[in-house]
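# Architecture and fold: a report
What follows is the residue order along each chain.
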Amino acid sequence: GFLHYLTKKFNIKDSKVFPLWVLSVVLVELVVTLGMTPTWLQIMYGIPYWLSACVRIIKLVFVIPMEIVVGYIIVRSLYKRA
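## Let's talk about the overall build of the chain
The number of helices and strands found in the chain is 3 helices and 0 strands. In the chain, the succession of helices and strands from N to C terminus is α-α-α. Within the chain, the proportion of its 82 residues that are buried is 26%. Sequence separation of at least 24 residues holds for 55% of the intrachain contacts in the chain that already meet a minimum separation of 6.

Shown next as structure tokens:
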């Protein structure tokens, strides 16, 4: 699906690094941005969890694809140097 489309679009030859990169970006964003940050804001400042999570969901729609593309370019360049 999505990984196959991105692999073809960016002409990615190393199919092992890219799925791991996508998985790591998505997991970090979901755990930290949607889990920990709204919880912490609710504990410290009383901001409702759902309100903070809604704003972060909108943000993730834009941030996750950017992080995947930019991060993969960096990871790929590091693998080429090694």
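## Some points on the confidence of the model for the chain
Per-chain confidence: the chain averages 85 in pLDDT, with 82% of residues scoring 70 or above. Taken element by element, the chain is modelled with least confidence in helix α1 (residues 2-9), mean pLDDT 68, and with most confidence in helix α2 (residues 17-45), mean pLDDT 91.

## Observations concerning the nonpolar core
The biggest cluster of nonpolar side chains holds 11 residues, and these are V17, F18, V22, V25, L34, A53, L60, I64, I68, Y72 and V75. Breaking this core down by element, the ones donating at least two residues are α2 and α3 (49-81). Apart from the residues lying within four places of it in its own chain, the contact partners of A53 are L34 and P38.

## Concerning the side chain of R56
With respect to the helices, strands and loops of the structure, R56 is situated in helix α3. Although R56 is buried, it makes no salt bridge; E29 carries the closest opposite charge, 8.6 Å away. Ignoring sequence-local partners within four residues, the contact set of R56 consists of T33, L34, T37, P38 and L41.

## So, α3
Its axis deflected by about 40° at L60, α3 carries its strongest bend there. Among the residues making up α3, those that are buried are S52, A53, R56, L60, V63, I64, I68, G71, Y72 and V75.

## A closer look at the environment of P48
Looking at the secondary structure, you find P48 in the loop between α2 and α3. By relative accessible area, which is 33% here, P48 ends up partly exposed. In sequence terms P48 and P38 are 10 residues apart; their C-alpha atoms lie 7.9 Å from each other.

What counts, and where the lines are drawn
- Residues numbered from 1 in each chain as written.
- Predicted model: local features only at pLDDT ≥ 70, side-chain atom pairs only at ≥ 80, totals over all residues.
- Heavy atoms only, no water.
- Helix = DSSP H or I, 4+ residues; strand = E, 2+ residues; numbered from the N terminus.
- Buried < 20%, exposed > 50% of the residue type's maximum accessible area, 1.4 Å probe, protein only.
- Contact = heavy atoms within 4.5 Å.
- pLDDT = per-residue confidence, 0-100.
- Core = buried A, V, L, I, M, F, W, Y, C linked by side-chain atoms within 4.5 Å.
- Lys, Arg positive; Asp, Glu negative; His and termini not counted.
- Salt bridge = Lys/Arg side-chain N within 4 Å of Asp/Glu carboxyl O.
- Bend = angle between axes of the 7 residues up to and from the residue.

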